Amino acid sequence: MPSRPKPPAQTPQVGKPDDGQGSVVAERKAAKTRPPRMFQVVMLNDDFTPMEFVVMVLQEYFRLDREAATQVMLKIHHEGRAVCGVFTKDVAATKVELVLAAARRSGHPLQCIMEAA
């Protein structure tokens, strides 16, 4: 039986335009991102926690200077609560836990919560 000649190997040709068969075109849409939700860290007044401890907590965990920390402490004392700062959810939750842990270590019943801003 005579042998048939093998067909030449197909080599891709560069520069030849594609006829669009089987191609998919993805359109790029501009991503719309929203800023993260913000939360207020609020300290609540109680009759047992010393004012100086509250000032120290405000200075240490919220980076307020002594004057600003004293003003926030007085607002907590007179109004029953005050916003210590506004942060993203994770940062606010961490600050609340740090304040509560410091109060427990020192034996004070200081309460700190977070609320949606």
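In case you missed it, the structure is sitting above this.
Reference entry: report on the structure contained in this document. (Residues numbered from 1 in each chain as written. Predicted model: local features only at pLDDT ≥ 70, side-chain atom pairs only at ≥ 80, totals over all residues. Heavy atoms only, no water.)

Notably, arginine 63 is not glycine yet its phi reads approximately 55 degrees, a positive angle. Along the chain, arginine 63 turns up in the loop between helix 1 (51-62) and helix 2 (66-79). A residue is classified by how much of its surface remains accessible, and arginine 63, at 69% relative accessible area, is exposed. (Helix = DSSP H or I, 4+ residues; strand = E, 2+ residues; numbered from the N terminus. Buried < 20%, exposed > 50% of the residue type's maximum accessible area, 1.4 Å probe, protein only.)

Inspection of every chain in the model, using the stated rule, returns two salt bridges. Between glutamate 115 and arginine 81 there is a salt bridge, with its nearest N and O atoms 2.7 Å apart. On the criterion of sequence distance, the pair formed by glutamate 115 in strand 3 (residues 111-116) and arginine 81 in strand 2 (residues 81-88) is long-range, its members being 34 residues apart. Its relative accessible area of 35% is what places arginine 81 among the partly exposed residues. (Salt bridge = Lys/Arg side-chain N within 4 Å of Asp/Glu carboxyl O.)

This part covers helix 1. The end-to-end C-alpha distance of helix 1 is 16 Å, a good match for the 16 Å that twelve residues give at a rise of 1.5 Å each. Of all the residues in helix 1, the buried ones are Phe53, Val54, Val55, Val57, Leu58, Tyr61 and Phe62. On its buried face, helix 1 is in contact with strand 1 (38-44), helix 2, strand 2 and helix 3 (89-106). (Expected span 1.5 Å × (residues − 1). Contact = heavy atoms within 4.5 Å.)

In this section: the packing of aromatic side chains. Evaluated as defined, the whole model comprises one aromatic pair. A ring pair is formed by phenylalanine 62 and phenylalanine 87, whose centres lie 6.3 Å apart and whose planes are at 35 degrees; its orientation type is tilted. Of the two residues, phenylalanine 62 is situated in helix 1 and phenylalanine 87 in strand 2; the sequence distance between them amounts to 25 residues. Both residues of the pair, phenylalanine 62 and phenylalanine 87, count as buried. The cationic tip of lysine 95 hangs over the ring face of phenylalanine 62; the distance from NZ or CZ to the ring centre is 5.6 Å. (Phe/Tyr/Trp six-rings, centres within 6.5 Å; stacked < 30°, edge-to-face > 60°. Lys NZ or Arg CZ within 6 Å of the ring centre and 35° of its normal.)

What follows covers the side chain of lysine 95. With respect to the secondary-structure elements, lysine 95 resides in helix 3. Salt bridges are absent for the buried lysine 95, whose nearest opposite-charge side chain, glutamate 60, sits at 10 Å. Apart from residues no more than four positions distant in its own chain, lysine 95 is found in contact with Val41, Tyr61, Phe62 and Phe87. (Lys, Arg positive; Asp, Glu negative; His and termini not counted.)

For an α-helix, 3.6 residues make a turn, and residues three or four places apart therefore share a direction. In a regular helix each residue adds 1.5 Å, so 14 residues correspond to 20 Å; helix 2 covers 20 Å between its end C-alpha atoms and thus fits that length. Those residues of helix 2 lying buried are Ala69, Val72, Met73 and Ile76. All buried residues of helix 2 project into a common sector of 100 degrees when viewed along the axis, lining one side. Across from the buried face of helix 2, at angles greater than 90 degrees, the exposed residues are Glu67, His78 and Glu79. (Arc of directions from axis to C-beta.)

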